[in-house]
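Residue-level structural notes
So you can see what is in the structure, the chains are spelled out below.
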Amino acid sequence: MADKNTKSFILRVDTETMNAIEAWAADEFRSTNGQLQWIITEALRKANRLPKKKR
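My aim in this report is to walk through the structure given alongside it, one point at a time. (Residues numbered from 1 in each chain as written. Predicted model: local features only at pLDDT ≥ 70, side-chain atom pairs only at ≥ 80, totals over all residues. Heavy atoms only, no water.)

1. Describing the layout of surface pockets
Approximately 560 Å³ is the volume attributed to the largest pocket. Contributing to the lining of the largest pocket are 17 residues, with Phe9, Leu36, Gln37, Ile40 and Thr41 lying nearest its centre. Looking at the lining of the largest pocket residue by residue, the classes come out as eight nonpolar, seven polar and two charged. (1 Å grid on protein atoms, 1.4 Å probe; cavity = no way out; pocket = protein on both sides within 12 Å on 5 of 7 lines; lining within 4 Å. Points joined across faces, edges and corners; volume = space filled by probe spheres on them. Nonpolar A, V, L, I, M, F, W, Y, C, P; charged D, E, K, R; others polar.)

2. Quick word on the pattern of salt bridges
Within the structure shown, the criterion is met by two salt bridges. Two residues, Glu28 and Arg30, come together in a salt bridge whose shortest N-O distance is 2.4 Å. In this structure, Glu42 and Arg45 form a salt bridge, with 2.8 Å as the shortest nitrogen-oxygen distance. Residue Glu42 and its partner Arg45 are both found in helix α2 (residues 32-46); the two are separated by three residues, about one turn of the helix. Exposure remark for Arg45: the relative accessible area of 43% places this residue in the partly exposed category. (Salt bridge = Lys/Arg side-chain N within 4 Å of Asp/Glu carboxyl O. Helix = DSSP H or I, 4+ residues; strand = E, 2+ residues; numbered from the N terminus. Buried < 20%, exposed > 50% of the residue type's maximum accessible area, 1.4 Å probe, protein only.)

3. Quick notes on unusual backbone geometry
Of note in the backbone geometry, Phe29 takes a positive phi value of approximately 55° without being a glycine. Mapped onto the fold, Phe29 is located in the loop between α1 (15-27) and α2. With a relative accessible area of 79%, Phe29 lands in the exposed category. The phi torsion at Asn48 lies on the positive side, around 55°, for a residue other than glycine. Mapped onto the elements of the fold, Asn48 is located in the segment after α2. Overall, the relative accessible area of 67% leaves Asn48 in the exposed class.

Any functional reading would require information that these geometric values do not contain.
This is the structure in structure tokens:
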């Protein structure tokens, strides 16, 4: 499932925020990591910050 272009990094999150992310992930049948990736991608998309896809 991991893309060859995936970069790992450490993220520090307070306990309350992490609990909320874990609960949200469970509600949507995603892993916590998958939920964080989705949250970041959605924020980038809404801010028009995603790189343009090459055709």
